[in-house]
Amino acid sequence: MEKKELENIISRIRRAEQERDSKYGPQWRDWERRYRSQPERKREGSNLFVPQTFMQCEVIKARVGESLFASRPYVAALPRKGEDRQQAANVQMLLDWQMNDRMDLPRLISQQVMGSLVVYGTAVTYTGWKVRSRLLRRARTAEEKLLGADGKPLLDQSGQALHYRSTRVQTERELIYDDPMVSAIPLDDFFIDPEAEEIEDARYLGHREFMSRSQLEDLQEQGQFHIDWEKLESGDPEGEQQETDPEEPGLYLVHHYWEDQRHVVILGRSQCALDEENPFWHGEYPYDKCCFVPVPGEFYGIGVPEILAGLQDELNTSRNQRIDYNSMSLRRMWKLRKGCGLSNADLIWRQNGVLQVENMDDVQEINLQGLPADAFANENGIKQDMQDATGCYDIIMGLGYANETATTTMTRDNNASLRFKTVVNAVIKDIMLPIARKFIAMDRQFLREERAFRLLDHPAEELFRLDPGDLGGDYDVIYCGSAVESLANKELNKNKALQAYSLALSDPAYQADDEARLGLFRRVLETLDMADAEQLLPRIRSTQASPAAAGSSGGPMATSPPELQGLGAAPLMQMEAPALPEERAEAAAGALPKAEPGAGEEDPAMRAAAALALLLAAAKKQGN
């Protein structure tokens, strides 16, 4: 790269950083101070900072994070053609493994991304491909010849050399990570064209980071970076210089600069280490951005501390004034008549102290009135205004009001959830789906060999193998891991599902249609948040005995359990026992009623019906 072109790029970076720092730098520092509940300056008297902003930020982070990752998989691939169905299933399975078991994406989004989004109003992520190896020591066993004192091999009776097994420790370099990666970029490390409103509109953008000498040397050995170490200085040449030991250099400033289909790496604001085309086949910028409250015409959004700034100051002032007033009432003031012979030191309280005065009016206490009742009501009004501004009501934090009806609680919960649905949908659209699409494109580009992996939330006996050629096809990517539903609605839906199933058991149409009844039972188990609902379902036998034959055969099939009598549960007796894993089947068998002695071998269908009876009985007890 020519020197003039490098200077133009450095000038662009400097202009974007100065524009960012002058306009948003002081605000971001103030929002962080408020989030940490740190007083701005020491005022006379009390200087308490009420952590109301911190509390609301943490509640919003937890609520949105729980809604985003309520169920796995988070991303589903829908094939556009019938022949792409298997490829879509492979992509969905690989994404689920990479997002969870490989890089723990839920924790990254819930903590770092949501933290930046809620506190500063904007979150920026970088999606790339990471390759990492490490030197590992392993014990290797080998056959070696047994040598004598003269150094020659010892022989057995047949003249063959004697051997023994030895263990040696060998150092090997092993690839430990070769998958996509996502990182949350701090806003003060990210720069963008000042005229841009979105990532796609930017003429240029990028971020900075600090790398050690060993990291840069590894990249140099791989042929990616070209570095002139004699001209490279550690730290930021235009920022605060780092004090480093000459024998142990510090960190080096690295800028990643992106233009349309171009990537440039600049070291120390002085030399170009890399100038290449966009290394990703998807051809997009590797950054994604989301705002808590978008501002028209601006790249950065509004966060919770900015929304609550004025109300937080009012709350702090109100609380500090109350503390100052109480302190003043404890440190009483006096009226002292001139010429009475007493000094200020005589008025300091002491045990068994006595003041001698000629007139009782020589010393008089200045009485203060107690705090009025509206001084406490004022604080409650401020907190209510803060909740109205953010939508983070008491119901969101698990707090309720006495003598409140279920309808009122559900209405308040639904209204509060509307604000969170907007944030959740923004994170899905602006962060999660773009990340998933970039993952798919990079998997097709960088996967070079077959992968064997296991989804940790699935049965451990299944191991999946995936070849890079299995990732083809044409399909759409949708997000399916969100469950933005109010807590009151969840409980109401559970009760409705149990009531609907109880009514269905008494309906002759459902008694005659096993598939419809099983479908409704599956919906009941899913509403009760049973993760393995499909395995708990009973299987329908291919041949069913007639009601007359069932009644005349005697044994366990002749009668229904008491809990199911009158509910039309006879057809349930014709179902097989649910398919359970071995350990859970044994636990379930111990909890079910045992057959009477002499009644013969227990029928699995009878045990399934009894299990359903226990479920209905528990649901009725919970409803009461």
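Being a predicted model, the structure only gives us computed values, none of them experimental. (Residues numbered from 1 in each chain as written. Predicted model: local features only at pLDDT ≥ 70, side-chain atom pairs only at ≥ 80, totals over all residues. Heavy atoms only, no water.)

**Q** I'd like to hear about the overall build of the chain, residue by residue, with values.
**A** Helix and strand counts for the chain come out as 16 helices and 14 strands. Counting over 624 residues, the chain shows a buried share of 38%. In the chain, 71% of the contacts between residues at least 6 apart in sequence involve partners at least 24 apart. (Helix = DSSP H or I, 4+ residues; strand = E, 2+ residues; numbered from the N terminus. Buried < 20%, exposed > 50% of the residue type's maximum accessible area, 1.4 Å probe, protein only. Contact = heavy atoms within 4.5 Å.)

**Q** Residue-level account of the layout of surface pockets, with values.
**A** Volume-wise, the largest pocket comes out at about 1500 Å³. In terms of lining residues, the largest pocket is bounded by 36 residues, among which W129, K130, V131, M211 and L219 are the most central. Mapped onto the lining of the largest pocket, the elements with two or more residues apiece are β2 (122-145), β3 (163-185), β5 (205-211), α5 (213-221), β6 (252-259), β7 (262-267) and β8 (271-277). For the lining of the largest pocket, the element with the highest residue contribution is β2, accounting for seven residues. Grouping the constituent residues of the lining of the largest pocket by class yields 17 nonpolar, 10 polar and nine charged. (1 Å grid on protein atoms, 1.4 Å probe; cavity = no way out; pocket = protein on both sides within 12 Å on 5 of 7 lines; lining within 4 Å. Points joined across faces, edges and corners; volume = space filled by probe spheres on them. Nonpolar A, V, L, I, M, F, W, Y, C, P; charged D, E, K, R; others polar.)

**Q** Report on the pattern of salt bridges, specifying residues and quantitative values.
**A** Going through the model one piece at a time under the given rule, you end up with 31 salt bridges. A salt bridge links R15 to E195; the shortest N-O distance between them is 3.9 Å. Remark: E195 occurs in the loop between β4 (190-192) and β5 and R15 occurs in helix α1 (residues 3-35); sequence separation between them is 180 residues. Judged by its relative accessible area of 41%, R15 is partly exposed. Since its relative accessible area comes to 58%, E195 is described here as exposed. In this structure, E172 engages R140 in a salt bridge whose closest nitrogen and oxygen atoms are separated by 3.0 Å. With E172 in strand β3 and R140 in strand β2, this pair connects stretches of sequence that are 32 residues apart. (Salt bridge = Lys/Arg side-chain N within 4 Å of Asp/Glu carboxyl O.)

**Q** Talk me through the pairing of β8; I want residue IDs and the actual numbers.
**A** Two faces belong to every sheet, and in a regular strand the side chains alternate between them. Bridge analysis of β7 against β8 gives six bridges, and the strand direction is antiparallel. Counterpart to V264 in the pairing with β8 is D275. Hairpin connection of β7 to β8: three residues between the antiparallel strands, including G268 at a positive phi of 60°. (Pairing = 2+ DSSP bridges.)

**Q** Explain the environment of Q215 to me, using residue names and the numbers behind them.
**A** Looking at the element boundaries, Q215 is found in helix α5. Taking the C-alpha atoms as reference points, Q215 and Y252, 37 residues apart in sequence, are found 9.9 Å from one another.

**Q** Which residues make up a nonpolar patch on the surface, and what are the values?
**A** Where nonpolar side chains cluster on the molecular surface, the patch consists of L146, L154, L162 and Y164 and spans about 300 Å² of accessible area. With respect to the helices, strands and loops of the structure, Y164 is situated in strand β3. (Patch = residues over 30% accessible without salt bridge, like charges linked within 9 Å, V, L, I, M, F, W, Y side chains within 5 Å. Areas by Shrake-Rupley, 256 points an atom, 1.4 Å probe, with all protein chains shown as cover.)

**Q** Describe helix α12 (residues 514-527), and please don't skip the residues or the numbers.
**A** Taking 1.5 Å of rise per residue, 14 residues should cover 20 Å, and α12 covers 20 Å from first to last C-alpha, within 8% of that figure. The complete set of buried residues in α12 reads D514, R517, L518, L520, F521, V524, L525 and T527. One side-chain oxygen at the N-terminal end of α12 lies 3.2 Å from the backbone nitrogen of E515; it belongs to D513. (Expected span 1.5 Å × (residues − 1). Polar contact = N/O pair within 3.5 Å; in protein donor to acceptor, adjacent residues only side chain to side chain.)

**Q** Explain the sheet that holds β8 to me, using residue names and the numbers behind them.
**A** Hydrogen bonds along the backbone pair up the strands of a sheet, which may run parallel or antiparallel. Spatially, β4-β5-β6-β7-β8 is the arrangement adopted by the five strands of the open sheet, whose pairing is antiparallel. Across the chains shown, the open sheet's two edge strands, defined by having one partner strand only, are β4 and β8. Here the strands of the sheet are splayed against their neighbours by 20° on average, with no regard to which way each runs. Judged from the three bridges that link them, β4 and β5 form a sheet pairing that is antiparallel. Across the sheet, residue F190 finds its bridge partner in β5, namely H207. Running over the sheet, α1 touches β4, β6, β7 and β8 and is turned about 85° from β7. (Axes fitted to C-alpha atoms, helices over the stretch in contact; angles between N-to-C directions.)

**Q** Please give an account of unusual backbone geometry that cites residues and values.
**A** Cis rather than trans, the peptide bond between R72 and P73 has omega equal to -5°. Note that P73 resides in the loop between α2 (52-68) and β1 (75-79). Not every positive phi belongs to a glycine, and S37 is a case in point at roughly 60°. With respect to the element layout, S37 can be found in the loop between α1 and α2. Within the chain, D104 stands out as a residue other than glycine whose phi angle is a positive 55°. Take D104: it is sitting in the loop between α3 (85-102) and α4 (105-120). A relative accessible area of 36% means that D104 is categorised as partly exposed.

**Q** Kindly report on the confidence of the model for the chain, identifying the contributing residues and their values.
**A** Of all residues in the chain, 76% have pLDDT values of 70 or greater, and the mean over the chain is 79. Note on residues 241-247: pLDDT under 50 across the span, and nine contacts to partners over four residues away in sequence or across chains. In this model residues 543-602 is a low-confidence stretch, pLDDT under 50, and it forms 89 contacts with partners more than four residues away in sequence or in other chains. (pLDDT = per-residue confidence, 0-100.)

**Q** Outline the state of the cysteines, supporting the account with residue identities and numerical values.
**A** On inspection of all chains with the given rule, the structure shows zero disulfides. As a non-bridged cysteine, C57 has C392 as the owner of its nearest cysteine sulfur, 9.1 Å distant. Not part of a disulfide, C290 finds its nearest cysteine sulfur in C291, a span of 6.6 Å. For C290, a relative accessible area of 2% corresponds to the buried category. (Disulfide = S-S within 2.5 Å.)

**Q** Residues and numbers for α2, please.
**A** Look at α2: 24 Å from first C-alpha to last across 17 residues, which is about the 24 Å you get at 1.5 Å a residue. Across the 17 residues of α2, 12 count as buried, placing the element largely inside the fold. Within α2, burial applies to Q52, T53, Q56, C57, V59, I60, K61, R63, V64, G65, S67 and L68.

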